[in-house]
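# Summary of structural features
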Amino acid sequence: MMDVDSFDDFQHTIQEGRKKAKEFNRAILVSVVEKIQNIDPLLFLRKNIESVAKETFYWENSSGNFQLAGVGSEKIIRVNPHPNRFEHVQNQWSEILDQAVIDNPTNVKGTGPLLFGSFSFLPNMKVENSLWENFKSGLFYLPKFLVTKNDKGTYLTTNVFCFPDKPCQITRLRKERDQLFFHNEEKLTPLTFDQPIIKNENDEKWIENVGKAVQLLKENYIKKVVLARELRLTFQKERPFLYVLNQLIKQQNNNYIFSISHNGDHFLGATPERLVRKEGNRIFSACVAGSAPTGKTFQEKEEMKRDLLQDKKNLGEHAFVVEMINSVFQQYCDHVKKLNQPEIMENRDILHLYTPVEGVLSKENTSIFEIVEKLHPTPAMGGVPLGKAISLIQELELFERGLYASPIGWVDHESNGEFVVAIRSGLLKGTEASIFAGCGIVKDSDPLKEYEETNIKFRPMLRALGGIDVESPK
Ligand SMILES: C=C(O[C@H]1C=CC=C(C(=O)O)[C@@H]1O)C(=O)O
């Protein structure tokens, strides 16, 4: 419960917001941050998803030492379906922050006003009667309540708008805030489920289409294209999304875990691929492309790693990504640091070629959205040249990408933030789930092998949904 002193501070900050709202005759954001007892952000979501709001998000970085959990939306920014969508979100964010009253004694990144959300893969999506009718071209939340957890502690941010002509319901807000933490010691109960029915009737057509792409690659029409598949799962009983999210957290170490929920649909995943992290004037990206299965024994694994590091086809696929990300960094940074040779990134089901890139921004106030715009989609998601690759994706893929392979992430009020690429992901919609996986096609690609590679890339979501290696309830 909030003590009397901190409540007085809270009240005082909100009154300041109200005064400003009257003075400027517009809505003013008030954001209050407090350090709280350590709690599990996932339990925080679970407790409040019913009582506060179904609008939630979750984020965990790949080291597992930074989490965000948001409930409720004080503001939703809908991404517009136009090419200027990145700038549009940035402008709305700047407008929200303009004159905001921020009481943040912690100075911890990822606390205070923060926007979390996703752009769709392409701006111009078909949304009517589509899988993505709820998310449309993407959306961003300014949460009402945000829990931020790092190595040093746990923090709660409360965001509220004050209006010139309406009193702010401080007492109600206080009550809501105090109720957030009741029963937070509860554990997520393990559940038993039916095996999903998996629909994959498009597989042969997909393999045929990869063959068509290989033909075009051989004719030098294009250098690389990334083609993806959807797998549709049906359950007898709806899979609770927090259970699936918890499975991903437990099963996918070294990956970013993300989820965003809207109107009862949940988009979530465990991705190895950072698009960009911004901390002050430094930016970091990761080129992740080129894959091989992991071996079963230690020796097998070592052999697979050695082979992948020398495999010409995979090195070629990877090089396109490095070239593109490096050129964006050269454009925005004074100093760029990157390895000359890729390393191996090892995940539970798959190995990747991996080249980290970092740089110091020439202009510190560069918006993270501008960098996201320049980087998305990298040749790990689109292809080379991009225009032709996008046309081929639209022609040869058998589903609408929506938020799959799109930039998803957060930005705080000091312009720190991080976006990843939403792969190894799925959309939960009632008793159905759609999961997605793609792979880079180059002229030496074998369609059947690429098909096998997508099957491996489905495994993280499939396992979390109980489609393979179902964990016995503990
Ligand atoms: C498009 C996906 O993976 C990309 C990321 C890493 C490696 C890739 C590859 O080796 O083909 C893909 O470019 C996916 O997992 O859905």
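Let us look at the structure shown here. Because the structure is a prediction, the values reported are computed rather than measured.

Tracing the backbone through its elements, the reader meets Thr157 in strand S7 (residues 154-162). A residue is classified by how much of its surface remains accessible, and Thr157, at 0% relative accessible area, is buried. Here the side chain of Thr157 touches Gly112 through a polar contact of 3.0 Å, landing on its backbone nitrogen. Setting aside residues no more than four positions away along its own chain, Thr157 makes contact with Ser31, Val32, Val33, Thr111, Gly112, Pro113, Lys144, Phe145 and Leu146.

Another point: the packing of helix H3 (residues 85-97) against helix H9 (residues 368-375). Packing of H3 against H9 leaves a shortest axis separation of 9 Å and a crossing angle of 170 degrees. On the basis of the axis angle, H3 is roughly antiparallel to H9. Along its contact with H3, which presents Phe86, Val89, Gln90 and Trp93, the element H9 presents Phe369, Val372 and Glu373. Here the residues of the contact of H3 with H9 are counted per class, giving 5 nonpolar, 1 polar and 1 charged.

Throughout the structure, instances matching the rule amount to 0 disulfides. Between Cys287, a cysteine without a disulfide, and Cys333, which holds the nearest cysteine sulfur, the sulfur-to-sulfur distance is 13 Å.

Glancing now at the pattern of salt bridges. Considering all chains together, one arrives at 23 salt bridges under this definition. In this structure, Glu432 and Arg232 form a salt bridge, with 3.5 Å as the shortest nitrogen-oxygen distance. You can see Glu432 sitting in strand S21 (residues 432-441) and its partner Arg232 sitting in strand S9 (residues 224-234), a full 200 residues away along the chain. The exposure class assigned to Glu432 is partly exposed, which follows from its relative accessible area of 28%. Judged by its relative accessible area of 23%, Arg232 falls in the partly exposed class. With a closest N to O distance of 2.9 Å, Glu317 and Lys313 form a salt bridge. Here the residue Glu317 and the residue Lys313 both occupy positions in helix H8 (residues 312-332), the gap between them amounting to 4 residues, near one helical turn. Judged by relative accessible area, Glu317 falls into the buried class, the value being 3%. Each of Glu34, Arg174, Arg177 and Asp178 takes part in one network of salt bridges that share partners.

Neighbouring residues of the ligand: 19 residues in total, closest Ser291, Ala380, Tyr404, Arg424 and Gly438. One of the backbone nitrogen or oxygen atoms of Gly440 is found 2.8 Å away from an oxygen atom of the ligand. A distance of 3.1 Å is found between an oxygen atom of the ligand and a side-chain nitrogen or oxygen belonging to Lys457. In isolation the ligand has 390 Å² of accessible area, and contact with the protein removes 100% of it. Looking at the shell around the ligand, the elements that each hand over two or more residues are strand S13 (282-293), S21 and helix H11 (447-464). Grouping the amino acids of the shell around the ligand by side-chain chemistry returns 9 nonpolar, 5 polar and 5 charged.

Quick look at the nonpolar core now. General note: in soluble globular proteins, nonpolar side chains tend to be found buried as a group. With 86 residues, the main nonpolar core has Phe267 and Phe369 as its most contacted residues. Here this core gets 7 residues from one element, more than from any other, and that element is H8. One finds Ile39, Leu233, Phe235 and Met461 within the second-largest nonpolar core, a separate group that totals 48 residues.

Rules used in this analysis
- Residues numbered from 1 in each chain as written.
- Predicted model: local features only at pLDDT ≥ 70, side-chain atom pairs only at ≥ 80, totals over all residues.
- Heavy atoms only, no water.
- Helix = DSSP H or I, 4+ residues; strand = E, 2+ residues; numbered from the N terminus.
- Buried < 20%, exposed > 50% of the residue type's maximum accessible area, 1.4 Å probe, protein only.
- Polar contact = N/O pair within 3.5 Å; in protein donor to acceptor, adjacent residues only side chain to side chain.
- Contact = heavy atoms within 4.5 Å.
- Axes fitted to C-alpha atoms, helices over the stretch in contact; angles between N-to-C directions.
- Parallel < 35°, antiparallel > 145°, perpendicular 65-115°, else oblique.
- Nonpolar A, V, L, I, M, F, W, Y, C, P; charged D, E, K, R; others polar.
- Disulfide = S-S within 2.5 Å.
- Salt bridge = Lys/Arg side-chain N within 4 Å of Asp/Glu carboxyl O.
- Near = heavy atom within 4 Å.
- Areas by Shrake-Rupley, 256 points an atom, 1.4 Å probe, with all protein chains shown as cover.
- Core = buried A, V, L, I, M, F, W, Y, C linked by side-chain atoms within 4.5 Å.

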